Amino acid sequence: MGMTMTQKIIAAHAGLPEVHAGQLVTAKVDMVLSNDITGPVAIREMHKAGLNSVFDKNKIAMVPDHFSPAKDIKSAEQCKAIRDFAKEHEITHYYEVGKMGVEHCLLPEQGVVGAGQLIIGADSHTCTYGAVGAFSTGMGSTDIAAAMVSGETWLKVPEAIKVVVTGAPSNKYVSGKDVILKLIGMIGVDGALYKSLEFVGDGLAHISMDGRLTIANMAIECGAKNGIFPVDDICQAYLKDRFEGEMHIYEADADAEYVQSITIDLATLEPQVAFPHLPSNTHAIGDIDKIAIDQVVIGSCTNGRIEDMRVAGEILKGKKVAPYLRLIVIPGTQDVYEQCMKEGITQTILDAGGVVSTPTCGPCLGGYMGILAKGERALSTTNRNFIGRMGDPESEIYLCNPAVAAASAITGYITNPEEV
């Protein structure tokens, strides 16, 4: 039996001719990632074990993005912990305020991750990098500590689900966010538990790299170990002159084994909205009645890229945010922020009555820059809408793409962008 794309990458990093689903392996890592929440824990685990060296200063990334710029004393201490560690070990890929961004937007943009790599991170959305043809997955801080010292990690080789994306969008406001929300709605939040989501099909020609990064980012929301895309012309064009390493392109064998095959037709897909309190509680925009909202958030590691900002800016141009509604826009990186300024998107948002934040995870995890009060309702381009995720346990979060978010900020209720 042949191997999937994921299995081939794992086999190569484990130094084995082949691997099979369920097999336990030890594999070399190309990049180890942590942030201002998980990094200090990993550092403490290293010190607890009496270890004070890293395997390769060029293969570790540390990004203070969750509560940075520091919102209080505790977050300042968290950021200081990874700053001091990065300084001590001369970590190449440490990103300070002013250069940093939301980690899963930043690393692909800066060319730190690329095709054929094996990447682990102390953050569940590390699966984002499957969009560039890498095997990437989230792990606990203890595993990250061990990998920072040894350059290796252990894995159970996952089974795979084939997701066949077909056709071309008939709705201009359909994006990668809608593909992944539709998929999660079809299979549930545990429908791909510890499995690899392998995206294929002619429809991928209509999904940009920003869209693919969004899809891979939310693979974890249906329990997947990782999500991965082929290294096609679109991907190679993105990585060219960007990725600092050497591309290694892997393709699934024709006889690779999949436990399930799912088809999503872009031609019939509408923008999706996930209702509280699970990403799987999805509804097509055409089936939604007027639901009033108090806050709109556009950004995060899911939808903080320049394509997302452009879509929002196009819809907001010449419009005003609804009275008593808060529109918070958070570019995913400093470069995205700067590009928004150059293209006039920032001014468009300000003219509409929204605010623009420095890159941060901020409200996505209930950190800051947009906490919800009891009874409030937010529409957000983030990736999770669990109870209490963005504030009070009696608040509500709805998830959507940037077009729906921008349109809804104008009307004050969840709105089909075609209506504005």
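Everything in this summary refers to the structure shown in the same document. If you're wondering where the values come from, they're calculated on a predicted model, not measured in any experiment. (Residues numbered from 1 in each chain as written. Predicted model: local features only at pLDDT ≥ 70, side-chain atom pairs only at ≥ 80, totals over all residues. Heavy atoms only, no water.)

## Notes on the packing of aromatic side chains
Applying the stated criterion to the full structure yields 2 aromatic pairs. Centre to centre, the rings of F199 and F229 are 4.7 Å apart; their planes meet at 10°, and the pair counts as stacked. Residue F199 is found in strand 9 (residues 195-200), and its partner F229 is found in the loop between strand 10 (226-228) and helix 8 (233-239); the two are separated by 30 residues along the sequence. According to the relative accessible area criterion, F229 is buried, its value standing at 0%. Ring centres of F275 and Y398 lie 5.0 Å apart, and the angle between their planes is 70°; this geometry places the pair in the edge-to-face category. Of this pair, F275 sits in the loop between strand 12 (272-274) and strand 13 (282-284) while Y398 is found in strand 18 (residues 396-399), placing the two residues 123 residues apart along the sequence. (Phe/Tyr/Trp six-rings, centres within 6.5 Å; stacked < 30°, edge-to-face > 60°. Helix = DSSP H or I, 4+ residues; strand = E, 2+ residues; numbered from the N terminus. Buried < 20%, exposed > 50% of the residue type's maximum accessible area, 1.4 Å probe, protein only.)

## Quick look at the layout of surface pockets
Here the largest pocket defines a volume of roughly 310 Å³. Considering the residues around the largest pocket, the lining is formed by 23 residues, among which K172, V174, S175, G176 and E307 are closest to the centre. Of all the elements in the fold, those that place two or more residues in the lining of the largest pocket are helix 6 (176-187), helix 7 (209-217), helix 10 (306-316) and helix 13 (402-411). Its residues assigned to classes, the lining of the largest pocket comprises 9 nonpolar, 9 polar and 5 charged. Of the voids in this model, the second largest pocket is the one considered here, and its volume is about 270 Å³. In terms of lining, the second largest pocket is formed by 17 residues, of which the most central are D30, Q117, F243, E246 and H248. Tallied by class, the residues present in the lining of the second largest pocket amount to 6 nonpolar, 7 polar and 4 charged. (1 Å grid on protein atoms, 1.4 Å probe; cavity = no way out; pocket = protein on both sides within 12 Å on 5 of 7 lines; lining within 4 Å. Points joined across faces, edges and corners; volume = space filled by probe spheres on them. Nonpolar A, V, L, I, M, F, W, Y, C, P; charged D, E, K, R; others polar.)

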